[in-house]
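Residues per chain are reported as follows:
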Amino acid sequence: MTTTSLVRAELARLTATPLARLAFIALMIVPLLYGGAYLWANRDPYAKLDQIPAAIVNLDAGATLDGDQVDYGTDVTKEAIDGADFKWTKTSAADARSGVRNGTYDFVVTIPHDFSEHLVSAQSDDPTQAKLVMTTADTNSYLASTIAEQAGKTMRTAVAERVGKQAAKTLLVGLADVRDSLGDAVDGADQLASGTAKADKGAHQLADGTGKLSSGAAELASGTADLPSQTQQLNSGAQQVASGASTLASGLASAQQQTAALPSQTQQLNDGAQKVAAGNKRLADQIDGYSSDVGALQPLDADTVLAGITDNLPEGVELTEEQQAALTATVTDAVTQVNATGAQAKKTYATAKSSVDQLRDGSAQVAAGTSSLAAATPELSSGIASAATGASTLSSGASQVAAGTSALATAAPTLSSGASSLATGAASANEGASSLASGLDELKTGSAKLAASLDEGRTKIPASNASERESQASVISDPVKVGDDNVAAASNYGAGLAPFFISLAAWIGMYALFLILKPISKRAITAVRKPLAVVFGGWLTPALLGLVQMVALFFIVRFALDLNVVHVGGTIGIMVLASATFAAVIMALNVLLGSVGQFLGLVLMLVQLVTAGGTFPWQTLPGPLAALHFALPMTYSVDAIRQTMYGGNLGAAWSDAGVLLCWLLGALLVSFVVTARQTRSRTLRDLRPSLIG
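From a predicted model like this one, the values you see are computed outputs, not experimental measurements.

The calculated volume of the largest pocket comes to roughly 670 Å³. As for the largest pocket, its lining consists of 20 residues, and the residues nearest its centre are P45, Y46, L143, Y493 and F616. Counting residues per element, the ones that place at least two in the lining of the largest pocket are α3 (30-41), α7 (142-223) and α15 (493-513). Split by residue class, the lining of the largest pocket holds 13 nonpolar, six polar and one charged.

Before going further, it helps to spend a moment on a negative patch on the surface. Residues D177, D180, D184, D187 and D190 make up a contiguous surface patch of negative charge. Assignment of secondary structure puts D190 in helix α7.

A word on the environment of Y105. Topologically, Y105 is positioned in the loop between α5 (93-102) and β5 (107-111). Spatially, the C-alpha atoms of Y105 and T89 are 8.8 Å apart, while their sequence positions differ by 16 residues. For Y105, the residues in contact, after removing those within four places along its chain, are P53, A54, A55, T89, T91, D95, A96, G99, V100 and N140.

Right, let's get into unusual backbone geometry. Working note: non-glycine residues mostly have negative phi, and peptide bonds are mostly trans. We note that D66 has phi near 55°; this positive angle belongs to a residue other than glycine. Tracing the chain through its elements places D66 in the loop between β2 (63-65) and β3 (68-70). Positive phi outside glycine occurs at A84, with the angle close to 55°. Within the secondary structure, A84 sits in the loop between α4 (72-83) and β4 (87-90).

We now examine the sheet that holds strand β6 (residues 133-136). Spatial strand order, β4-β1-β5-β6: four strands in an open sheet with mixed pairing. With one partner strand each, in any of the chains shown, β4 and β6 form the two edges of the open sheet. The average undirected angle you get between the axes of adjacent strands in this sheet is 25°. Sheet analysis places β5 next to β6, joined by four bridges and oriented antiparallel. Bridging from a neighbouring strand, V108 pairs with T135 of β6. Sheet strands touched by α4: β1 (53-58), β4 and β5. Its angle to β1, the strand with the most contacts, is close to 165°.

Conventions used here
- Residues numbered from 1 in each chain as written.
- Predicted model: local features only at pLDDT ≥ 70, side-chain atom pairs only at ≥ 80, totals over all residues.
- Heavy atoms only, no water.
- 1 Å grid on protein atoms, 1.4 Å probe; cavity = no way out; pocket = protein on both sides within 12 Å on 5 of 7 lines; lining within 4 Å.
- Points joined across faces, edges and corners; volume = space filled by probe spheres on them.
- Helix = DSSP H or I, 4+ residues; strand = E, 2+ residues; numbered from the N terminus.
- Nonpolar A, V, L, I, M, F, W, Y, C, P; charged D, E, K, R; others polar.
- Patch = residues over 30% accessible without salt bridge, like charges linked within 9 Å, V, L, I, M, F, W, Y side chains within 5 Å.
- Areas by Shrake-Rupley, 256 points an atom, 1.4 Å probe, with all protein chains shown as cover.
- Salt bridge = Lys/Arg side-chain N within 4 Å of Asp/Glu carboxyl O.
- Lys, Arg positive; Asp, Glu negative; His and termini not counted.
- Charge placed at Lys NZ, Arg CZ, Asp CG, Glu CD.
- Contact = heavy atoms within 4.5 Å.
- Pairing = 2+ DSSP bridges.
- Axes fitted to C-alpha atoms, helices over the stretch in contact; angles between N-to-C directions.

Shown next as structure tokens:
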């Protein structure tokens, strides 16, 4: 009896009667119904989320933002309903709560009355986080509650992006305005620095002028310091001359009678008069020498000085009223003091000069008279009358000279004091001008530093236009975008579950077939005694039937359900290999343990159902179950079908196929060992099997 004959005999047994054929067909389509129906039901549930009933309750009262009325609650409601991601119904709070309890709505989104108010509070001193209230009931569907949470997160993200974008635009516009204002401030600071530099230059020129004024006034004061003593001496001499002239006049009457000694006396008088005239001339020349210095003292104009300072201020920059008043008071006081001192000095000098000039002229006349007198003495006899007249004139002139020198002596201390006051005022003015120049130096440095700092601050704020700010606000409000770079993508949710349910269908198909298939032929064991042929024949029948099941299931998955398959041949090959492996495993359990083995096949399916990692990642399993993940064959059939169906790593698929092949050969080896034992000896269980094997 060959392997082929064993297969034909088993197939003939399965189709011997109409009832047997019906049972055979029913069990053959079990994996097709299981895999096809389950994948059909879960082909793409996310595409029908718009059929999930949900309610939205808008209680938002709105708010005011920058003078405009905003109503984010209405916007969120409109976007949700227009988006049609779910079957939204806008309703009241009472209807929504009762609806989620009785199953009318799977979940409810409630927008509180202060939703907009809290959103706009982000731009106030008391920001408050806005809330969306999600109401769910797991009695409707736990997955619906999970989906509702994701919907709430999506709505929150959309609102956060909109509000964040608006806040970012406001911030960016404010920064742009600050940058423009800083530009104007930089221009003003530059003008201030330029004007301050000019004012500083003028202040230094003023300081230089007042320095020269102070120096000249000091020299004038030094030169007039000895004037009072000199004029006092001049006055004393003039008084003596006046007294002598008076005596001369009174004695001329008797001089006519005493002319014998007159020539020598008049000659002596002439000599003294010449000396007095020469001294008075030197004094007058000395006084005249100061005329140019005194004449150079011109009065200062406070308005001119203030105008010079004001004109040098930068364009557009004005002193405050306090600064203008302080500057005007300081300059006016200094100029007034200087002008008063200079005027007093010039007045005193003019008086002294006039007196000295009179003294000079008088003494010159005296000298001329005495000269004439001396020349006329020899003719005194004939001109005694003229001499008396001349003496009278001399007496009068001497009196005038004496009066002039007396006035000069009186005015000289005032002139000296005025020159000293002028020197003191000029020194004060020089000190004030120096302080002004120093202050303007600091102001120039500070204004230049201010301009540089403002410009540096302006350059740190990036320039932008309206479109750039719009783009920047969009990025700020939504800075991260998750890119989709799936190197091996399932076309939809059903395709994601397909490898797991195909593997389960393959196991269920083999389990169902072994309900009517004989693992091995007892007659063949007795008659042929070739354990390898018996085992191979017993396995080949379900393997061929599994091939038919897997090919049919592939056509259902690929064409009826339209699930994308990248590597068609590889996927069919893995499906057939998995079915053949599961057939070998279930056959080995049946050969080894009989009915108990068949039951263990069901238990093993349940264990693999939770350890294969077909739905959630296997890393989420409890420790004991996770340890079984790599120990059981369905793990590798699921992974291999994923690799070939999604276009993943074919190397991993070959590795998984190798593991399945090892399970296949190992299971066949177990069946061979047990069958070989049965060809040599039979047990009581072989002759009379029990209900539990």
